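# Secondary and tertiary structure notes
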Amino acid sequence: MISLDDMMVFAKVAEKQSFTQAADELGIGKARVSQIITKLEKSLNTRLLHRTTRSLSLTGAGARYYEKCRAISELVAEANSEILEVDQVPNGTIRISTPSTAMVNILSEFLHQYPEIKLDIIESDSYSNLIESRCDIALRASSDLEDSSLYAIKLGYFCDMLCASPTYLANQQKIETSEDLLHLDWISHHIVHGDKQLRLTNHRGQVTLLPHSPKVQVRTSASVKEFVLNDLGFAIMPSFTVKKELAQGKLIRILPDVHDLQIPIYAVYQEKTLMPLRIRTLIDFLKQHEEAFG
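Predicted, not measured: the structure shown is a model, and the values here were computed from it. (Residues numbered from 1 in each chain as written. Predicted model: local features only at pLDDT ≥ 70, side-chain atom pairs only at ≥ 80, totals over all residues. Heavy atoms only, no water.)

## Here's the deal with helix 9 (residues 239-248)
What helix 9 keeps buried is the set S239, F240, T241, V242 and E245. Buried residues along helix 9 sit against strand 6 (151-164), helix 8 (221-229), strand 11 (235-238) and strand 13 (261-269). Looking one or two places after helix 9, you find G249, whose phi comes out positive at around 80°. (Buried < 20%, exposed > 50% of the residue type's maximum accessible area, 1.4 Å probe, protein only. Helix = DSSP H or I, 4+ residues; strand = E, 2+ residues; numbered from the N terminus. Contact = heavy atoms within 4.5 Å.)

Following this line, the structure appears as structure tokens:
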């Protein structure tokens, strides 16, 4: 029978990605840690770790097993805290994938409110595999969440809009129709919009497709904004990344009747029943601040 203690030893090895560091933290010998992992793999009839002389990494099965072990450890800790009548204060580290540096302000407010929590942030506009990247939660803008193994809570909506700088527009002819965009330089977010055509959707849901080749292709929203602010062209940009620049007049929204797409933003996570208090706290906080995504 597999013991809970052995599972916690494996979780520590997975966390540290080192037998030596895990042994030091657990206060047992490195050889004993190795024996426990070997016994665990035999009991499960599954390889949990890839081992070389220089590195240690989780297999796919090991990554899934680690998430369950970690969730059990956190649940035990919370249960013990309740039994001991310790006030429940959210604490610990949340590993979070977020699509934009524009989320820094709202996450900063969260940290001020919950000072015992730490954040490990991965800034990426690509779809994050929560298991492989070991993220607890991902903030994801999408109209379609294709991975049915994940849970998702809708946090709010943002507006996808066309923007350019006043300086760039001052050197162009007046922009009145969607076809006028073909005479402008397009800064494309390759992951989101590709490099073949502009897909524009108005508030009635009518779609316009325009074959267009971008002047610049990038893969983060931050880079899109910087190129547009540097007067190099126009882009399709999410409202939460350009709210400040629009208010300051550094960017101008163009053709709102042509492109005005409302897109939901979700908090995506793996586990529902064993969710640690700190992650529940973050999700509840974000749900209460949906205006940050608008």
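## Details of the packing of aromatic side chains
For the coordinates displayed, the defined rule picks out five aromatic pairs. Ring geometry for Y151 versus Y269: centroids 5.8 Å apart, planes at 20°, classification stacked. One end of the pair, Y151, is in strand 6; the other, Y269, is in strand 13, and 118 residues separate them in sequence. Judged by relative accessible area, Y269 falls into the buried class, the value being 5%. Note on F158 and F240: the rings are 5.1 Å apart at their centroids and 85° apart in plane angle, and the pair reads as edge-to-face. Taken together, the residues F158 in strand 6 and F240 in helix 9 connect sequence positions 82 residues apart. One exposure class covers both F158 and F240, and it is buried. Following the ring pairs from residue to residue traces out a cluster consisting of F110, Y114 and F285. (Phe/Tyr/Trp six-rings, centres within 6.5 Å; stacked < 30°, edge-to-face > 60°.)

## Digging into the side chain of S178
Within the secondary structure, S178 is located in the loop between helix 6 (166-170) and strand 7 (187-189). Overall, S178 belongs to the buried group, its relative accessible area being 10%. Setting aside residues no more than four positions away along its own chain, S178 makes contact with L200, T208, L210, L255 and V258.

Take it as geometry only, folks, not as evidence of what the structure does.
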